[in-house]
Each structure stands twice: as C-alpha cells, then as structure tokens.
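Understanding the architecture of this molecule
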Amino acid sequence: MNNEVINILTMAKVIQTAVAPVFLITGIAATLGVLSNRLARITDRARQLERKLKVSIDEVFNLSLTTELRALLKRSRCIHIAFSLSVLSALLVCAVVMLLFLSHIQSINLGVTIGSCFVGAMALLICAFMSLLGEVFLATRSMRRGMIFADIDIND
C-alpha cells in the first residue's frame with residue numbers, strides 16, 4: 001500500500017476514536033438542557049414570590065416568602081455551579097477531539113495531554129452531577145417542609 005492510502009486509513013481510525021467523545025458532548029448538552037429548565041423554573045418561582053412580597057403587608061406571610069426565596073437562591077447557586085462545570089467539561093472534551101486530530105496531523109505524541117484533558121472533563125462532570133444532586137436534595141427538602149405549597153389552599 002502506498003503512503004497516501006495508509007494516511008487515509010489512520011485518519012479514519014482517528015475519526016473513529018473521536019466519535020466517543022462527540023457522543024459524550026451530546027450527553028453533556030442534554031444535561032445542560034435539564035439544568036436550563038430547572039433554572040428557568042426556579043427563576044419563574046422567585047419572580048412570582050417577589051411580586052407577592054411587594055404587595056403583601058402580612059409580616060408572617062412575608063417571612064415565609066423570604067424563607068422560600070432564600071431556598072430558591074441556594075438551589076439556583078447549585079444549578080449555576082452544575083451548569084458552569086458542565087460547560088467546562090464539554091470544552092475539555094472538545095479539546096480532546098481537537099488534540100486527537102492535531103496529534104495525528106502533526107505526528108506529535110499528545111497522549112498524556114489528551115488523557116489529562118479527558119480525566120479533567122470527567123472530574124468536572126462528576127462535580128456537576130454532584131451539584132445537581134445537591135439542588136435536587138434542596139428542592140425535595142423544601143417540599144417536605146411545605147414551603148412550596150404553603151400559599152396553596154388544599155381545599156381548592
């Protein structure tokens with residue numbers, strides 16, 4: 001086989017190797033969608049509570065609204081952290097794909113760099129999922145305390 005055919009075959013193998021990280025990027029993108037939806041719901045609820053807080057003169061009611069707003073702020077922080085870590089993870093996975101091609105095209109041994117980027121991406125993704133789990137715990141704790149449904153009349 002001539003050198004050009006071998007080069008095309010090795011490039012095909014590099015592309016095959018790069019497919020797995022691309023699927024990982026797709027999974028991270030789905031996670032970002034979930035995080036965006038959760039943050040949007042938290043933001044909508046906070047705006048709703050802020051409107052009620054502005055018009056209410058009942059001190060006890062205002063205290064419960066303020067307590068729920070604090071809980072929503074904690075949840076939004078967790079989502080923000082998870083979102084940021086997920087995006088950083090996706091960027092490192094993109095770097096892995098780019099470095100795979102660069103190492104082949106330039107004939108440079110970037111194995112350690114590629115491995116480090118991938119391990120870093122996985123570490124960031126683990127931390128992002130832990131932050132998401134923390135937000136879910138906060139949300140369920142708020143529900144158990146009855147904060148979310150405090151202003152809803154159950155008889156309706």
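For every chain, the first residue of its written sequence is number 1, and the numbers climb from 1 along that sequence. A pLDDT threshold of at least 70 governs which residues receive local features in this predicted model, and a stricter bar of 80 or more applies before side-chain atom pairs are shown or counted, although totals over entire chains, interfaces and linings include all residues. Where side-chain values are given, they derive from all heavy atoms of the structure, hydrogens and water being excluded.

Quick notes on a positive patch on the surface
- Here, patches come from residues exposed beyond 30% relative accessible area and free of salt bridges, joined within 9 Å for like charges and within 5 Å for nonpolar side chains (Val, Leu, Ile, Met, Phe, Trp, Tyr). All accessibility values rest on the Shrake-Rupley procedure with a 1.4 Å probe; residue burial counts only the protein chains present in the view. A pair is scored as a salt bridge if a Lys or Arg side-chain nitrogen falls within 4 Å of a carboxyl oxygen belonging to Asp or Glu. A residue counts as positive if it is Lys or Arg and as negative if it is Asp or Glu; His and the chain ends are not included. Positions of charges follow a simple convention, taking NZ of Lys, CZ of Arg, CG of Asp or CD of Glu. A cluster of basic side chains, namely Arg70, Lys74, Arg77, Arg141, Arg144 and Arg145, defines a positive patch on the protein surface.
- The set of elements that each furnish at least two residues to the positive patch consists of helix H2 (59-105) and helix H3 (111-144).
- Elements are defined by DSSP. Helices are runs of H or I of four residues or more, strands are runs of E of two residues or more, and each kind is numbered from the N terminus. Tallying contributions element by element places H2 first for the positive patch, with three residues.
- Along the polypeptide, Arg145 turns up in the segment after H3.

Topic: the nonpolar core
- To define a nonpolar core, start from buried Ala, Val, Leu, Ile, Met, Phe, Trp, Tyr and Cys residues and group those joined through side-chain atoms within 4.5 Å. Relative accessible area decides the class of each residue, using a 1.4 Å probe on protein chains only: under 20% of the type maximum gives buried, over 50% gives exposed, and in between gives partly exposed. By size, the foremost hydrophobic cluster in this structure holds 16 residues, and its most contacted members are Ile28, Leu35, Leu49, Leu72 and Ile79.
- Taken together, the elements giving at least two residues each to this core come down to helix H1 (3-55), H2 and H3.
- Note on contacts: a residue pair is in contact if any heavy atoms of the two residues lie within 4.5 Å. With residues up to four places along the chain from it excluded, the contact list for Ile79 reads Leu35, Arg38, Leu39, Ile42, Leu132 and Glu135.
- Counting ten residues, the second largest nonpolar core, distinct from the first, contains Val14, Val97, Leu110 and Ile114.

Description of a nonpolar patch on the surface
- Residues Phe83, Val87, Leu88 and Leu91 make up a contiguous nonpolar surface patch of about 320 Å² in total accessible area.
- Assignment of secondary structure puts Phe83 in helix H2.

Digging into the side chain of Arg75
- The residue Arg75 is located in helix H2 in this model.
- The class of Arg75 is buried, set by a relative accessible area of 13%.
- Not counting chain neighbours up to four residues away, the residues in contact with Arg75 comprise Arg38, Ile42, Glu135, Leu138 and Ala139.

Considering unusual backbone geometry
- Backbone geometry at Ser107 places phi at a positive 55 degrees, although glycine is not the residue there.
- Here Ser107 lies in the loop between H2 and H3.
- Judged by relative accessible area, Ser107 falls into the exposed class, the value being 65%.

Focus: H2
- Helix length check: H2, at 47 residues, gives a terminal C-alpha distance of 68 Å against a target of 69 Å (1.5 Å per residue), a fit within 8%.
- Polar contact criterion, stated in full: a pair of N or O atoms within 3.5 Å, where within protein one must be able to donate a hydrogen and the other to accept it, and residues adjacent in sequence count only if both atoms are side-chain atoms. By the N-cap criterion, in which a side-chain oxygen at the helix start approaches the backbone nitrogen of a residue two or three places on, H2 is capped by Asp58, the distance to Val60 being 3.3 Å.
- Looking at the residues trailing H2, positive phi occurs at Ser107, about 55 degrees. Under the convention used throughout, the expected extent of a helix is 1.5 Å for every residue step, that is, one less than its residue count.

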